[in-house]
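Summary of structural features
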Amino acid sequence: MRLENKVAIVTGAGGAGVGGLGVVYAHALASEGAAVVVADIDGEAASRVADEIAGAGARAVGVRCDVTSSDDIDAMVQAAIDAFGGVDILVNNAGLARGKWSEAVILSAEEWMEILAVNTVAPIMCAKACAESMRTRGGGVIVNQSSNGALIDAGAYTVSKLALNGVTKVLADELSGDNIRVNGIAPGVMTAKLPEEQVQRLLARQTVRRPGEPQDLVGLLVFLCSAESSFMNGQTVVIDGGMARITK
Ligand SMILES: NC(=O)c1ccc[n+]([C@@H]2O[C@H](COP(=O)([O-])OP(=O)(O)OC[C@H]3O[C@@H](n4cnc5c(N)ncnc54)[C@H](O)[C@@H]3O)[C@@H](O)[C@H]2O)c1
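Residues numbered from 1 in each chain as written. Predicted model: local features only at pLDDT ≥ 70, side-chain atom pairs only at ≥ 80, totals over all residues.

1. Remarks on the overall build of the protein chain
Spelled out, the test is: Helix numbers and strand numbers start at the N terminus; a helix is a DSSP run of H or I with at least 4 residues, a strand a run of E with at least 2. Each radius of gyration is computed over the set of C-alpha atoms, and the globule rule expresses the reference value as 2.2 Å times the number of residues to the power 0.38. Put plainly, a residue is buried at 20 or more neighbouring C-beta atoms within 10 Å of its own, exposed at 12 or fewer, and partly exposed in between, counting only other residues' C-beta atoms, which are placed from the backbone. With C-beta atoms placed from the backbone, a contact is any residue pair whose C-beta atoms sit within 7 Å.
The helix and strand tally for the protein chain stands at eight helices and seven strands. Computed over the C-alpha atoms, the radius of gyration of the protein chain is 17 Å, within 12% of the 18 Å expected from 2.2 N^0.38 for a compact globule of 248 residues. Overall, the protein chain is about 45 × 40 × 40 Å in size when its C-alpha atoms are taken along their principal axes. Taking all 248 residues of the protein chain together, 47% fall into the buried category. In the protein chain, of all internal contacts separated by at least 6 residues, the share reaching a separation of at least 24 is 74%.

Structural data, given as structure tokens:
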């Protein structure tokens, strides 16, 4: 129980997409003792995940939050304060993943603004909104969900996640006076739901030749959220079966 008495917010944790990493993260933090605010643009999905966690005996609430809306972000933080007294941990997981975002030149200016708003700017706004509560509780931890795509050519997605790695460094510096640490996780592709042919292509690029699973990321997440990583700040850790290492 490394996160006992802590309160965590996980964005994009409704599991409405294909990867579902936020759901696994929310369950993992709860099983380490944290009370969890499950936030997602799909409010019903967020409530379902919160109910699952509560059904397993932990504390959780579901909140509808579009991370590009400052009103929604404020309401998400207020929900954490109302339900559990404040915020200690923020996991900025919500993100627009590959698909059309893997191209740069085909996207319109509006689409560019959309991906940057969700993947790069929203984590800053969520951090800003949580900082005051964290400060009054003596500090906090922020984990930004990057991607090994930041190191591999994947169009606008690469740009947004590489910029997010920069955000992690900048926030680690700017929030250090409030004892708030900021680190990042850069996962490889979780292949479970991909077509077999695509899985084989990805495995050939990894040095660990087995498919990655969301559970592979949990140890790192809990480490970054806990006091075990208290001497670590501003870092983004790649965890991708050794793929990025051989790609560049
Ligand atoms: N799945 C992977 O293989 C993988 C690999 C590396 C990094 N990532 C990153 O992990 C994160 C989660 O990925 P995933 O594959 O689990 O995604 P997913 O599509 O399964 O889940 C994303 C969730 O975010 C929510 N969401 C989308 N826009 C939102 C918004 N504006 N506000 C709030 N919630 C919003 C969706 O409803 C969905 O529930 C993303 O940041 C992604 O870039 C995923």
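There is more to say, and it comes next.
2. What about unusual backbone geometry?
The phi dihedral of Asn5 falls on the positive side, at around 70°, and the residue is not glycine. Relative to the helices and strands, Asn5 resides in the segment before β1 (7–10). Of note in this structure, Asn179 is not a glycine but carries a positive phi near 60°. Assignment of secondary structure puts Asn179 in the loop between α5 (155–174) and β6 (180–187).

3. Topic: the site of the ligand
Defined as follows: Any residue whose C-beta atom, as placed from the backbone, lies within 6 Å of a molecule or strand is termed near it. Throughout, the ten residues Ala, Val, Leu, Ile, Met, Phe, Trp, Tyr, Cys and Pro are labelled nonpolar, Asp, Glu, Lys and Arg are labelled charged, and all others, Gly among them, are labelled polar.
Close to the ligand lie 29 residues; Gly12, Ala16, Gly17, Gly19 and Gly95 are nearest. Along the lines of polarity and charge, the residues of the shell around the ligand split into 13 nonpolar, 13 polar and three charged.

4. What about the nonpolar core?
Looking at soluble globular proteins, one finds that nonpolar side chains tend to be buried together. Operational definition: Each nonpolar core consists of buried Ala, Val, Leu, Ile, Met, Phe, Trp, Tyr and Cys residues. Their C-beta atoms, within 7 Å, join them into a set.
In terms of nonpolar packing, the biggest core is built from 75 residues, with Ile9, Val10, Ala26, Leu29, Val36 and Val38 touching the most fellow members. It is helix α4 (residues 109–136) that provides the largest number of residues to this core, a total of nine residues. Beyond its immediate sequence surroundings of up to four residues, Val38 is in contact with Val10, Ala13, Gly14, Ala26, Ala46, Val49, Ala50, Ala60, Gly62 and Val63.

5. Some words on the sheet that holds strand β3 (residues 60–64)
Filter applied, for reference: Here, strands pair whenever DSSP counts at least two bridges between them. An axis is simply a line fitted to the C-alpha atoms; with a helix, the fit covers only the stretch in contact. Between two such axes, the angle follows the N-to-C directions and lies from 0 to 180 degrees.
Taken together, the seven strands give an open sheet; going across it, the order is β3-β2-β1-β4-β5-β6-β7, and neighbouring strands pair in parallel fashion. In this open sheet, the two strands that pair with only one neighbour each are β3 and β7 (236–239). Sheet twist, expressed as the mean angle between neighbouring strand axes with direction ignored, is 15°. Bridging between strand β2 (residues 35–40) and β3 involves five bridges; their strand directions are parallel. Across the sheet, the residue bridging to Val36 is Ala60, located in β3. Contacts between helix α1 (residues 21–31) and the sheet are confined to β1, β2, β3 and β4 (89–92), with β1 contributing the most and set at about 175° to the helix. The sheet strands contacting α4 are β1, β4, β5 (140–145) and β6, and the helix crosses β4 at an angle near 175°.

6. Examining helix α7 (residues 218–225)
Inclusion rule: Directions drawn from the helix axis to the C-beta atoms are what define this arc.
Among all positions in α7, only Leu221, Leu224 and Cys225 are buried. Projected onto a plane normal to the axis of α7, the buried residues spread over an arc of 95° and lie on a single side. Buried positions along α7 lie against α1, β4, β5 and β6.

7. Some details on the environment of Leu202
For Leu202, the position within the fold is in helix α6 (residues 196–205). Considered as a pair, Leu202 and Gly184 are 18 residues apart in the sequence and their alpha carbons are 23 Å apart. Aside from chain neighbours lying at most four places away, what touches Leu202 is Val189 and Thr191.

8. Remarks on α5
We count it as follows: Residue count minus one, scaled by 1.5 Å, sets the expected span of a helix.
Between its first and last C-alpha, α5 extends 29 Å over 20 residues, near the 28 Å set by a 1.5 Å rise per residue. The complete set of buried residues in α5 reads Ala156, Tyr157, Thr158, Ser160, Lys161, Leu164, Val167, Thr168, Leu171 and Ala172. Considering only its buried residues, α5 is in contact with α4, β5, β6 and β7.

9. So, the pairing of β4
Neither face of β4 is left uncovered, since the one carrying Ile89 and Val91 and the one carrying Leu90 and Asn92 both have all their residues buried. Of the pairings in the sheet, the one linking β4 to β5 comprises four bridges and is parallel in character. Within the sheet, the bridge partner assigned to Ile89 lies in β5 and is Val141.

10. Considering the pairing of β1
The cut-off we apply is this: Handedness of a crossover: with both strands directed away from the viewer, a clockwise path from the first strand across the helix to the second marks it as right-handed.
Burial along β1 is two-sided: Val7 and Ile9 facing one way and Ala8 and Val10 facing the other are all buried. Sheet analysis places β1 next to β2, joined by four bridges and oriented parallel. Bridge pairing links Ala8 to Val36 in β2. For the crossover from β1 across α1 to β2, the handedness is right-handed. Sheet topology places β1 next to β4; three bridges connect them, and they run parallel. Paired with Ile9 across the strands is Leu90, a residue of β4.

Read these as layout, nothing more, since geometry by itself doesn't imply function.
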